[in-house]
Amino acid sequence: MQQNKKLCDYKKLYQLYEAGTVFTAFDTETTGLRPFDSTIIEIGAVKFDRNGEISTWSGLFNPGSPLPPQITQITHITDQMLTDKVPLSEKLCEFLEYLSDTVIVAHNAQFDIEFLNSECAKNGLKRTNNSFIDTLQFSKTSFPSLSSHKLEYLADYFSIDKGSSHRALDDARTCMHLFKKCMYPDGDNGQLFLF
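What counts as what
- Each residue is numbered by its place in its chain's sequence as written, counting from 1.
- Whole-chain, interface and lining totals are the exception, using all residues; otherwise, since this is a predicted model, local features are given only for residues with pLDDT of at least 70 and side-chain atom pairs are given and counted only at 80 or more.
- With hydrogens and water stripped out, all remaining heavy atoms of the structure feed into the side-chain values.
- For the purposes of this entry, the term helix denotes a DSSP run of H or I that reaches at least four residues, the term strand denotes a run of E that reaches at least two, and both are numbered from the N terminus.
- Exposure is judged per residue with a 1.4 Å probe applied to protein chains only, and the accessible area is read against the type maximum: over 50% gives exposed, under 20% gives buried, and values in between give partly exposed.
- Surface accessibility in these figures is a Shrake-Rupley result with a 1.4 Å probe; residues are shielded only by whichever protein chains are displayed.
- A pair of strands is considered paired only if DSSP assigns at least 2 bridges between the two.
- Buriedness of a pocket was judged along seven lines, with at least five required to meet protein on both sides within 12 Å; pockets are open sets of points on a 1 Å grid over the protein atoms alone, cavities are sets where a 1.4 Å probe fits but cannot get out, and lining residues have an atom within 4 Å of a point.
- Grid points are joined across faces, edges and corners, and a volume is the space filled by probe spheres set on the points.
- In this classification, the charged set is Asp, Glu, Lys and Arg, the nonpolar set is Ala, Val, Leu, Ile, Met, Phe, Trp, Tyr, Cys and Pro, and all remaining amino acids, among them Gly, are polar.
- For the purposes of these results, a polar contact is taken to be a pair of N or O atoms within 3.5 Å, where, inside protein, one atom must be able to donate a hydrogen and its partner to accept one; residues adjacent in sequence count only when each atom of the pair is a side-chain atom.
- Two residues form a contact once any of their heavy atoms are found within 4.5 Å.
- Read the arc as the range of directions from the helix axis to the C-beta atoms.

Asker: Can you walk me through the overall build of the protein chain in this structure?
Answerer: Along the backbone of the protein chain there are eight helices and five strands. Ordered by position from N to C terminus, the α and β elements of the protein chain give α-β-β-β-α-α-α-β-α-β-α-α-α. Counting only C-alpha atoms and orienting by the principal axes, one finds that the protein chain spans roughly 50 × 35 × 25 Å. Out of the 195 residues belonging to the protein chain, those deemed buried represent 49%. Of the accessible surface of the protein chain, which amounts to about 9,800 Å², a share of 49% is contributed by carbon and sulfur atoms.

Asker: Is there a simple way to explain the pairing of strand S3 (residues 52-60) in this structure?
Answerer: Consecutive side chains of a regular strand alternate in pointing toward one face of the sheet and then the other. In this structure, strand S2 (residues 40-49) lies alongside S3, joined through eight bridges in antiparallel fashion. Of the residues in S3, the one forming a bridge with Ala45 is Trp57. Connecting S2 to the antiparallel partner S3 that follows it, the hairpin turn spans two residues.

Asker: Would you take a moment to explain the layout of surface pockets for this structure?
Answerer: Over the atoms, a rolling probe the size of a water molecule traces out where space has been left empty. For the largest pocket, the calculated volume is near 680 Å³. Asp27, Thr28, Glu29, Phe111 and His166 are, among the 25 residues lining the largest pocket, the residues nearest its centre. Of all the elements in the fold, those that place two or more residues in the lining of the largest pocket are strand S1 (23-30), helix H2 (69-75), helix H5 (109-122), helix H7 (151-157) and helix H8 (168-183). With five residues, S1 is the largest single contributor of residues to the lining of the largest pocket. Its residues assigned to classes, the lining of the largest pocket shows nine nonpolar, 10 polar and six charged.

Asker: I tried to follow the side chain of Thr30 on my own but got confused; where do I start?
Answerer: The residue Thr30 is located in strand S1 in this model. Within the structure, Thr30 has its side chain in polar contact with the backbone oxygen of Gly32 (distance 2.5 Å). Leave out the neighbours within four places in its chain, and Thr30 touches Thr39, Ile40, Ile41, Ile71, Phe111 and Phe115.

Asker: I tried to follow helix H1 (residues 10-18) on my own but got confused; where do I start?
Answerer: The α-helix winds at 3.6 residues per turn, so residues separated by three or four positions along the chain end up facing the same way. Every buried residue belonging to H1 is among Tyr10, Leu13 and Tyr17, and all of these are buried. Projected onto a plane normal to the axis of H1, the buried residues spread over an arc of 45° and lie on a single side. Directly beyond the C-terminal end of H1, a positive phi value near 95° is found at Gly20.

What follows is the structure, given as structure tokens:
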């Protein structure tokens, strides 16, 4: 079985970044916390490299059943917003193509990758095998003294415009900016953190 490889060698990551590797920061919103009995209702992704943002991909998806009230409360996504949307199965191949040949960046990456691979399995598709960076772990390495490493806290701490938190595209873009902050804690022209 294919496995997504977590990049933990940050010096190698720096080399990849400086060499022009393309990354895709992505985030999902889901109907619950467990992939086996929940589904993805929103994906947001931002493709970027060292020169900046390249493109975005986003979509809302009809899960085929009413949303749990707590999900609407957290995400502000309502059943009405999803009624005329297609199920993820109709757009999954398109998103996988968008991800191909890029390194995934996500905050608490295991969650989003497990959900994505679960959707692949449900639809008879191969699991993704992209390498990935978890900005939750990356931020703990780069900024160990901070009291929290939640995405919203870090965005506020570093004055990153987080748009609508708990909406996939805005969270993906926030994650991209956090990744760059972790890569260069002293600013774009500053010193790389020596891990």
